[in-house]
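# A look at the structure
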Amino acid sequence: WIHQFIASIFAYLCFLILPPKLAKTVVPTFIVGYCVIGHLHRQFVNYLGWDLDFTGPHMVLTIKLYSIAWNLYDGHLINKGGPSKDLPRATQKCSQFALTEVPSLLEFLGYTFCFSNVLAGPAYEFSIYRAAANGSLLYDSSGKPLGKIPSQVWPTLKNLIISLACMGIFVAGSGKFPIMDPLDPQKNAPIFVAATSAYSAHSSSPWHVRYGYSWVALFFQRFKYYFAWKNAEGSNNIWYAGFEGFDEKGEPIGWENANNIDILEKTSNWLTRYIYMRTGGSLYATYAMSAFWHGFYPGYYLFFLSMPMLTACERIGRKKLSPRFSTGGKWSPWGLTTMACTSFLIEYFIQPFQMLSWEWSVEAWRGHYFFGHGLAAAFYGVCVMLPNPKGGEGGKKKRA
């Protein structure tokens, strides 16, 4: 909590003293730098270890303070007046989260130390926290409900049940298909790359058997993150922080406010709003920041800096192939095919994220003959040479 307090107070003083244009640079630089020092210290004293320390909650705080800095800057631009069309595109898209003044210290610390997301997130916007905390999400200034207030019992219990199910799947699945050596996961080579493993690149096992094992092992490994995210989501729904409010007819909209990283889509709002949109849509800047935010193990950078290649393939496939083969909806034959291909490749690219070290990461990819990079490059090269389909450039009109 001391690290949390120091970082929060420094950021708050910057918001009070510095102009928003400068604070939007100083505060993100400071908080990311603080996170960097924490990661470096962790890697120095516990290399390749998975022990929990303050860096986990500090990663959540980094998102919060980074976002508030841009919220205040967007509010500053909006306050200056002038046609909204003259505002930067990112400011226009994030205007609903803009802050026209610095929050009170009590509100600010209530947000940075919010009990329901301080450990595992999700780090939703300050405006969402404020509306839930002061009641304006549910009631008008006279205390009258803005609509039919739904019960929070099922949205809370549903996420609790899902989180417990995810934990059960993780415990059972990872026990049967471990990624790291159960005897000493910090020092012994992972199951993926151990020379004596039945599923290593050095064994006589067929490639499809080895890759099948890695796919299943990584599938189960993911559920420990789902457990934390869904558990935290439910704790936010208890006090309506996850509730989206009411439509024009006073009907409840939904419970997605606290769903910062969706289990299926896995898209981070923070990276989209304050990295991707603020850097002119740079995929490399976005993925690099995500790797930087996670730490400095080489595996993070091998994974995140390879992902733009897969994203580029997805985009050109959507442009050149989807208008030709898509019959509507993600559950159509074409939609299922694309999801299967994505799942097949993503399990290859994500392996360094679990291996962490350079040696283990490269060995894991070498064991699969670097097929993911080769297939992605070949796919992109072929699609580039294909003519655009009829009915608008690359089907843009249809997608719009």
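Since the model is a prediction, treat every value here as computed from it, not as a measurement.

### A look at helix α5 (residues 105-112)
- Every buried residue of α5 is listed here: Phe108, Tyr111 and Thr112. Along the long axis of α5, the arc covered by the buried residues comes to 95 degrees, so they all point the same way.
- Against α1 (2-17), α3 (55-79) and α6 (126-134) lie the buried residues of α5.

### So, the state of the cysteines
- The full count for this structure, using the stated rule, is 0 disulfides.
- Distance from the sulfur of Cys341, which forms no disulfide, to the nearest cysteine sulfur (Cys313) is 11 Å.
- Judged by relative accessible area, Cys341 falls into the partly exposed class, the value being 45%.

### Quick notes on the UniProt feature "signal peptide" (unreviewed entry) in the chain
- UniProt marks residues 1-25 with the feature "signal peptide" (unreviewed entry), using the numbering shown here.
- Measuring from the first to the last C-alpha atom of residues 1-25 gives 24 Å, for a span that is 88% helix and 0% strand.

### As for the packing of aromatic side chains
- Enumeration according to the criterion identifies 42 aromatic pairs in this entry.
- Between the NZ or CZ atom of Lys24 and the centre of the ring of Tyr73, over which it lies, the distance is 5.1 Å.
- One residue, Lys64, lies across the ring of Tyr111, its end atom 5.1 Å from the ring centre.

### Points about the side chain of Asn237
- Summarising the element assignment, Asn237 is placed in helix α9 (residues 223-237).
- Looking at Asn237, the relative accessible area reads 1%, which means it is buried.
- Dropping the residues within four chain positions of it, Asn237 is found in contact with Gln152, Pro155, Thr156, Asn159, Gly242, Phe243 and Trp255.

### So, the nonpolar core
- One finds Phe15, Leu65, Tyr66, Ile68, Tyr124 and Trp270 to be the most contacted residues of the largest nonpolar core, which totals 53 residues.
- Of all elements in the fold, only α1, α2 (20-45), α3, α5, α6, α10 (269-276) and α11 (283-294) reach the threshold of two or more residues within this core.
- Broken down by element, this core gets its largest block of residues, 12 residues, from α3.
- Not counting residues within four places of it along the chain, the set of residues in contact with Ile68 comprises Phe15, Leu99, Phe108, Tyr111 and Phe126.

### A closer look at the UniProt feature "transmembrane region" (unreviewed entry) in the chain
- In the numbering used here, UniProt assigns the "transmembrane region" (unreviewed entry) feature to residues 291-310, 331-350 and 370-389.
- The straight-line gap between the two end C-alpha atoms of residues 331-350 is 25 Å; of that span, 85% is helix and 0% is strand.
- Helix makes up 75% of residues 370-389 and strand makes up 0%, while its end C-alpha atoms are separated by 31 Å.

### Concerning the packing of helix α8 (residues 207-221) against helix α15 (residues 333-349)
- Interaxial distance between α8 and α15 falls to 10 Å at its minimum, and their mutual angle equals 85 degrees. If you check the angle between α8 and α15, you find them roughly perpendicular. Contact residues: Trp207, Tyr211, Trp215, Leu218 and Phe219 in α8; Ser343, Phe344, Leu345, Glu347 and Tyr348 in α15.

### Side note on the side chain of Gln221
- Within the secondary structure, Gln221 is located in helix α8.
- Residue Gln221 is classed as buried on the basis of its relative accessible area, which comes to 11%.
- With near-sequence residues (within four places) excluded, Gln221 lies in contact with Phe170, Ser174, Ile179 and Gln354.

### Examining a nonpolar patch on the surface
- A surface patch of nonpolar side chains, amounting to about 590 Å² of accessible area, comprises Val153, Trp154, Leu157, Leu160, Ile161 and Leu164.
- Here Val153 lies in helix α7 (residues 153-176).
- On the accessibility criterion, Val153 (47% relative accessible area) is partly exposed.

Conventions we followed
- Residues numbered from 1 in each chain as written.
- Predicted model: local features only at pLDDT ≥ 70, side-chain atom pairs only at ≥ 80, totals over all residues.
- Heavy atoms only, no water.
- Buried < 20%, exposed > 50% of the residue type's maximum accessible area, 1.4 Å probe, protein only.
- Helix = DSSP H or I, 4+ residues; strand = E, 2+ residues; numbered from the N terminus.
- Arc of directions from axis to C-beta.
- Contact = heavy atoms within 4.5 Å.
- Disulfide = S-S within 2.5 Å.
- UniProt positions renumbered as here; feature names shortened; annotations may be inferred.
- Phe/Tyr/Trp six-rings, centres within 6.5 Å; stacked < 30°, edge-to-face > 60°.
- Lys NZ or Arg CZ within 6 Å of the ring centre and 35° of its normal.
- Core = buried A, V, L, I, M, F, W, Y, C linked by side-chain atoms within 4.5 Å.
- Axes fitted to C-alpha atoms, helices over the stretch in contact; angles between N-to-C directions.
- Parallel < 35°, antiparallel > 145°, perpendicular 65-115°, else oblique.
- Patch = residues over 30% accessible without salt bridge, like charges linked within 9 Å, V, L, I, M, F, W, Y side chains within 5 Å.
- Areas by Shrake-Rupley, 256 points an atom, 1.4 Å probe, with all protein chains shown as cover.
- Salt bridge = Lys/Arg side-chain N within 4 Å of Asp/Glu carboxyl O.

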